[in-house]
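Here's the letter readout for the chains.
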Amino acid sequence: MLRALGTNLRARGYEVDLAPTGEAALELAARNRPDAVILDLGLPGISGLEVINGLRGWTDTPIIILSARDAQSDKVAALDAGADDYVTKPFGMEELFARLRAALRRTASAPESPIVETPHFTIDLGTTRARTTEGEVHLTPTEWQIVELLVRHSGRLVTQRQVLETVWGPEFDNESGYLRVHMGHIRRKLEPEPSRPRYFNTEPGMGYRFEPA
């Protein structure tokens, strides 16, 4: 199937990377920044769902699932994880390519990278890891969600309400002080001078802004 898809895609003028495992897929995607991904769920190594989660940590590139699994629960799980479309086997090659063209039309071709580097720390959105010049930094799941949200909106204001709804959900009723505590922890772990933040800045009364430079 992998070889057949590669042959048919190249015959239609696409440049193609073929990944036999989930790990290889994530590595190739980080290196070559694909315009779209066609992904099976049943892969050697990590699963297709894990590949989706890894990709969605840093890119919005379209992901089309091509799988023999036709149960509604499998489709819902893949789409909820971040897939854009789901095609079940057996399938028509022309239908698959039509879905691919539609996905590409919906996507702006902005360059993205899973690695965000500053002079003092590095954030890897693909592997959900953070490192400073002193080594790897442990962020709690909540701290990571906040960092990821701000980094993915680099240079843009993210309101307090946006952070609260993304991390804790729309029903979360919270005073801004709770969020300030988490931001303080993040700054102590990543900022060279936590009391004078250089990267994770507060916009008083509005929200937060990540400035990588």
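Residues numbered from 1 in each chain as written. Predicted model: local features only at pLDDT ≥ 70, side-chain atom pairs only at ≥ 80, totals over all residues. Heavy atoms only, no water.

Undergrad: Honestly, the sheet that holds strand β10 (residues 207-210) in this entry has me stumped. Any pointers?
TA: Strand pairing in a sheet is mediated by backbone hydrogen bonds. Such pairs are either parallel or antiparallel. The antiparallel open sheet is built from three strands, whose spatial order is β8-β10-β9. Each edge of the open sheet carries a strand with a single partner, namely β8 (157-159) and β9 (200-203). Strand-to-strand twist across the sheet, computed as the mean angle between neighbouring axes with direction ignored, equals 30°. Across four bridges, β9 lies against β10 in antiparallel orientation. (Pairing = 2+ DSSP bridges. Helix = DSSP H or I, 4+ residues; strand = E, 2+ residues; numbered from the N terminus. Axes fitted to C-alpha atoms, helices over the stretch in contact; angles between N-to-C directions.)

Undergrad: Honestly, the nonpolar core in this entry has me stumped. Any pointers?
TA: What tends to happen in soluble globular proteins is that the nonpolar side chains get buried as a cluster. The biggest cluster of nonpolar side chains holds 41 residues, and the ones touching the most others in it are I65, I123, L190 and F200. With six residues, the single largest contributor to this core is helix α6 (residues 141-152). Not counting residues up to four positions away in its chain, the partners in contact with I65 are L39, L41, I52, A78, A83, D85, Y86 and V87. Counting residues in hydrophobic clusters, the runner-up holds 11 residues, among them L9, L66, V87 and A103. (Core = buried A, V, L, I, M, F, W, Y, C linked by side-chain atoms within 4.5 Å. Buried < 20%, exposed > 50% of the residue type's maximum accessible area, 1.4 Å probe, protein only. Contact = heavy atoms within 4.5 Å.)

Undergrad: Which parts of the structure should I look at to understand the sheet that holds strand β2 (residues 63-67)?
TA: Across the sheet, three strands lie side by side as β1-β2-β3; this open sheet has parallel pairing. Of all strands in the sheet, those with a lone pairing partner are β1 (37-39) and β3 (85-88), marking the two edges. If you compare each strand with its neighbour and ignore which way they point, the axes differ by 20° on average. In the sheet, β2 pairs with β3 via four bridges, with the strands oriented parallel.

Undergrad: Hey, could you run me through helix α3 (residues 48-56) in this one?
TA: Looking at α3, one finds that the buried residues are G48, V51, I52, G54, L55 and R56. Considering only its buried residues, α3 is in contact with α2 (22-32), β1, β2, α4 (72-81) and α6.

Undergrad: Honestly, the layout of surface pockets in this entry has me stumped. Any pointers?
TA: Empty space among the atoms can be located by rolling a probe the size of a water molecule over them. Within this model, the largest pocket holds a volume of roughly 890 Å³. Around the largest pocket, the lining is made up of 33 residues, and of these V16, D17, A36, V37 and I38 lie nearest the centre. Elements supplying a minimum of two residues to the lining of the largest pocket: α1 (2-11), α2, β1, α3 and α5 (93-105). (1 Å grid on protein atoms, 1.4 Å probe; cavity = no way out; pocket = protein on both sides within 12 Å on 5 of 7 lines; lining within 4 Å. Points joined across faces, edges and corners; volume = space filled by probe spheres on them.)

Undergrad: Got a minute to help me understand the environment of F121 in this structure?
TA: Residue placement: F121 occurs in strand β5 (residues 121-124). Excluding its chain neighbours within four sequence positions, the residues that come into contact with F121 are V116, R131, T132, L190, Y199, F200 and F210.

Undergrad: Quick question: what am I supposed to make of the pattern of salt bridges here?
TA: Think of it this way: side chains of opposite charge can pair up when their charged atoms draw near. This model, assessed by the stated rule, comprises 12 salt bridges. Among the salt bridges present, the one from R12 reaches E94, with a minimum N-O distance of 2.6 Å. Of this pair, R12 sits in the loop between α1 and α2 while E94 sits in helix α5; the two residues are 82 residues apart in sequence, bridging distant segments of the chain. (Salt bridge = Lys/Arg side-chain N within 4 Å of Asp/Glu carboxyl O.)

Undergrad: What is the right way to read the pairing of strand β6 (residues 129-132) from this model?
TA: Residues in a regular strand point their side chains to alternate faces of the sheet. Here β6 shows a buried face lined by A130 and T132 and an unburied face lined by R129 and R131. The sheet contact formed by β5 and β6 spans four bridges and is antiparallel. Bridge assignment links D124 to a residue of β6, and that residue is R129. Counting the residues that bridge the hairpin from β5 to β6 gives four residues, and of these T128 lies at a positive phi of roughly 55°. Looking at chain direction, β6 and strand β7 (residues 135-137) are connected through three bridges and run antiparallel. Opposite A130, over in β7, you have V137 as the bridge partner. Joining the antiparallel neighbours β6 and β7 is a turn of two residues.

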